[in-house]
Amino acid sequence: MDAQIESLLGDAAGEAAAHAPAPREALDREEHLIRDAVLRMGALVEAAIREASRALVAHDAALALDVIKGDAIINEAQRGVSRLIAVTIATQQPVARDLRYLLTLDHVTYELERMGDHASSVAKAVIKLAPEPPLQKYIHLPEMAERGAVLVHGVLRALVDADAVKAREVAVEDDEIDRLYHATFDEVVELMRQDPANVERGTRIIIASHYLERIGDRATNIAEDIVYLVTGDVEDLNP
Amino acid sequence: MNAAQAGSTLDAPVDGHTPPAQASAAAIPTIHVATDRGSDGAPSRPLGQTIVELRGVSCYYGSFRAVKDVSVTAAKHDVTALIGPSGCGKSTLLRTFNRMNDLVPSFRATGEILLDGQDLYSKSVDPVAVRRRVGMVFQKPNPFPKSIYDNVAFGPRVNGFKGNMDELVEHCLRKAALWDEVKDKLKQSGMALSGGQQQRLCIARTIAIEPEVILMDEPCSALDPRSTLQIEELMAELKKDYTIVIVTHNMQQAARASDVTVMMTMDTSDRAGYVVEQAETIQIFTNPKNQLTEDYVSGRFG
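Keep in mind that what you see is a predicted model, and the values were worked out from it rather than measured. (Residues numbered from 1 in each chain as written. Chains lettered and ligands numbered in written order. Predicted model: local features only at pLDDT ≥ 70, side-chain atom pairs only at ≥ 80, totals over all residues.)

1. Some words on the overall build of chain B
When helices and strands are counted, chain B shows 12 helices and 10 strands. Counting all 302 residues of chain B, 46% fall into the buried class. Nonlocal contacts in chain B, meaning residues at least 24 apart in sequence, comprise 68% of its contacts between residues at least 6 apart. (Helix = DSSP H or I, 4+ residues; strand = E, 2+ residues; numbered from the N terminus. Buried ≥ 20, exposed ≤ 12 C-beta atoms within 10 Å, placed from the backbone. Contact = placed C-beta atoms within 7 Å.)

Right, dumping it as structure tokens:
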């Protein structure tokens, strides 16, 4: 027995944890893991939006196909995070802010998953558009996509920082995406009036821009969640 | 909520060379919940080897059968929780693991009770030796009426420890997360500590004899909520070196702190306790197989 203890004491020399453990370390750890998984999901969604846009401008059907395949991974990630949240709630019994935070994260992953679907839908339109010459430099699609990706990034930053001010800013920036969508619609309809040869491409562009507009709306939904989490107030940021 | 720093994920610029979505997807982590298992309950590490096993065990006080036909296992480096309503035999079962029931004259156990494959109740086994390998922490903290130092040193002294006692005492108090709070008052009585501290002292005392298994019989029921949660975090650390079996009537504690849960109840017809279900804790608290288990953990009976 002495020999066992001698070898243990050898390890003790560098032992760090001499403090009494913090009461909710396990819950905090799980919250961080879940939050990190949500952020990774957000990065995938951002990338998907930008890749769909890049594929459009480069007429790259293969890249667009990658976006569509990549959506399966975003979907799986959402299922995984949702499961983790259910397990954490069942085993750690969070209340008050911890509970609201986890419920918020569950909703955020749902919105991110739908955004991933929308990016995938844009990519499907891109596949059809790729073999054709561009219609007026893709109208406003590239700008809408870039703004959408920036909004996703910004709203996740606001979530991490628990920043209601930043969250409200996201809602305001989404207004610009809405404006671009309506402008796209009007311009494309005009192009279709001018020349029936434009109809097919124009329709696909309108469809794609609609999905990009929805991405912005979903970022605003997340922003509303953040405002609620931080302030306890339910605000409609997209009236 | 912490205004936590965003991970590198948010700060990394997404440039024109970002690889397709698949590449970064592999980084979605499997959460390391208390059990170190995947979220659907399937183990993300191989199941630990069994260290304690009960096969067809029944416990009798005289002619009364208090526990009937129990077959459970506790795996090495797991926290295994025994839960169930009052009177279902959880503590009786726990005390068979270290032969504490021997101290009750009318007690008798049948079936096999194995520690590392060795039958603890065979005639050739010394019960005192068993209790060196299987330590116990009780519901009410019960430090010896001695100094903090002597509480920890007592067991090793009895066992003939010849090494550096000061180092051993410090090591055990550190492991029990008590050292910082008592290092300047080791000569003070152990009984002058707060409840949570006393319980940690009892844990340090148990560790000092180098057991393989630590039994805990409702170790937190006499403690305030904060001390309770501290002890639970301590258990998560301790299981790296020991195997822990805990009886608790606090289901939420079992949910937070254990890897595997054994659900017991009492059969009203013969008043004998029996095992309803043993499964990974995540499973028991998200989707148990047995309706009785579901009703109990939901607070609908018991």
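From this point, things continue past the structure.
2. Side note on the overall build of chain A
Within chain A one finds 7 helices and 0 strands. Moving toward the C terminus, one meets the helices and strands of chain A in the order α-α-α-α-α-α-α. For 239 residues, the compact-globule estimate of 2.2 N^0.38 gives 18 Å, and the C-alpha radius of gyration of chain A, at 23 Å, exceeds that figure by more than 25%. Taking the principal axes of the C-alpha coordinates as reference, chain A spans close to 90 × 40 × 25 Å. Sorting the 239 residues of chain A into buried and exposed places 46% on the buried side. The contacts of chain A with a sequence gap of at least 6 include a subset with a gap of at least 24, amounting to 81%. (Rg over C-alpha atoms; globule rule 2.2 N^0.38 Å.)

3. Brief notes about the packing of helix H8 (residues 195-208) of chain B against helix H9 (residues 225-238) of chain B
Working note: a packed helix pair is described by the angle between its axes plus the distance between those axes. All names here are of chain B. Between H8 and H9, the least distance of the axes is 9 Å, while the angle of their chain directions is 25°. With respect to H9, the element H8 is oriented roughly parallel. Between H8 and H9 lies a crossing whose hand is right-handed. Residues Gly195, Gly196, Gln199 and Arg200 of H8 form the contact with H9, whose own contacting residues are Ser227, Gln230, Ile231 and Leu234. The class makeup of the residues in the contact of H8 with H9 is 2 nonpolar, 5 polar and 1 charged. (Axes fitted to C-alpha atoms, helices over the stretch in contact; angles between N-to-C directions. Parallel < 35°, antiparallel > 145°, perpendicular 65-115°, else oblique. Left-handed = near helix turned anticlockwise from the far one by under 90°. Nonpolar A, V, L, I, M, F, W, Y, C, P; charged D, E, K, R; others polar.)

4. A word on the pairing of strand E2 (residues 64-75) of chain B
Residues and elements named next belong to chain B. One ladder, built from 8 bridges, connects strand E1 (residues 50-61) with E2; its direction is antiparallel. The partner of Glu53 across the bridge, within E2, is Thr73. Taking the residues that link successive antiparallel strands as the turn, the E1-E2 hairpin has 2 residues, and the phi of Gly62 there is positive, at about 65°. (Pairing = 2+ DSSP bridges.)

5. What to know about helix H7 (residues 199-231) of chain A
Spanning 33 residues, H7(A) covers 48 Å between terminal C-alpha atoms, matching the ideal 48 Å at 1.5 Å per step. Phi turns positive one or two residues past the end of H7(A), at A:Gly232, with a value near 80°. (Expected span 1.5 Å × (residues − 1).)

6. Here's the deal with the nonpolar core
One finds A:Val45, A:Ala52, A:Val155, A:Ala223 and B:Ala204 to be the most contacted residues of the largest nonpolar core, which totals 141 residues. Broken down by element, the residue count for this core peaks at 14 residues, all from helix H2 (residues 25-58) of chain A. Once you skip the residues sitting within four places of it in the chain, B:Ala204 turns out to touch B:Val152, B:Cys172, B:Leu173, B:Lys175, B:Ala176 and B:Leu178. (Core = buried A, V, L, I, M, F, W, Y, C linked by C-beta atoms within 7 Å.)

7. Brief notes about the environment of B:Gly87
Residue and element names in this part refer to chain B. Relative to the elements of secondary structure, Gly87 occurs in the loop between strand E3 (79-83) and helix H3 (90-96). Look at Gly87 and you get partly exposed, because 13 C-beta atoms sit within 10 Å. Here the alpha-carbon distance between Gly87 and Glu294, two residues 207 residues apart in the chain, equals 19 Å.

8. Focus: the environment of A:Lys166
Residues and elements named next belong to chain A. Residue position: Lys166 is located in helix H6 (residues 164-194). In this structure Lys166 comes out as partly exposed when scored by C-beta crowding, with 16 C-beta atoms within 10 Å. Remark: the alpha-carbon pair of Lys166 and Val227, spanning 61 residues in sequence, is separated by 9.4 Å. Other than its neighbours up to four places away in sequence, Lys166 contacts Gly154, Arg157, Ala158 and Asp161.

9. Things to note about the confidence of the model for chain B
Residues and elements named next belong to chain B. Residues with a pLDDT of 70 or more make up 84% of chain B, whose mean pLDDT is 85. Taken element by element, chain B is modelled with least confidence in helix H1 (residues 8-11), mean pLDDT 41, and with most confidence in E3, mean pLDDT 97. Counted against residues more than four places away or in other chains, residues 1-46, with its pLDDT under 50, gives 89 contacts. As scored by the predictor, the complex reaches a pTM of 0.78 and an ipTM of 0.71. (pLDDT = per-residue confidence, 0-100.)

10. Considerations on helix H6 (residues 165-175) of chain B
All names here are of chain B. Across the 11 residues that make up H6, a large majority, 8, are buried. Among all positions in H6, only Leu168, Val169, Glu170, His171, Cys172, Leu173, Arg174 and Lys175 are buried. Positive phi shows up at Ala177, right after H6, with a value of about 55°.

11. Comments concerning the pairing of strand E7 (residues 213-217) of chain B
Residues and elements named next belong to chain B. With respect to burial, E7 is a largely interior element, 5 of its 5 residues being buried. By the alternation rule, side chains of E7 split into Val213, Leu215 and Asp217 and Ile214 and Met216, which are all buried. Sheet topology places strand E6 (residues 134-137) next to E7; 4 bridges connect them, and they run parallel. By the bridge assignment for E7, Val137 is matched with Met216.

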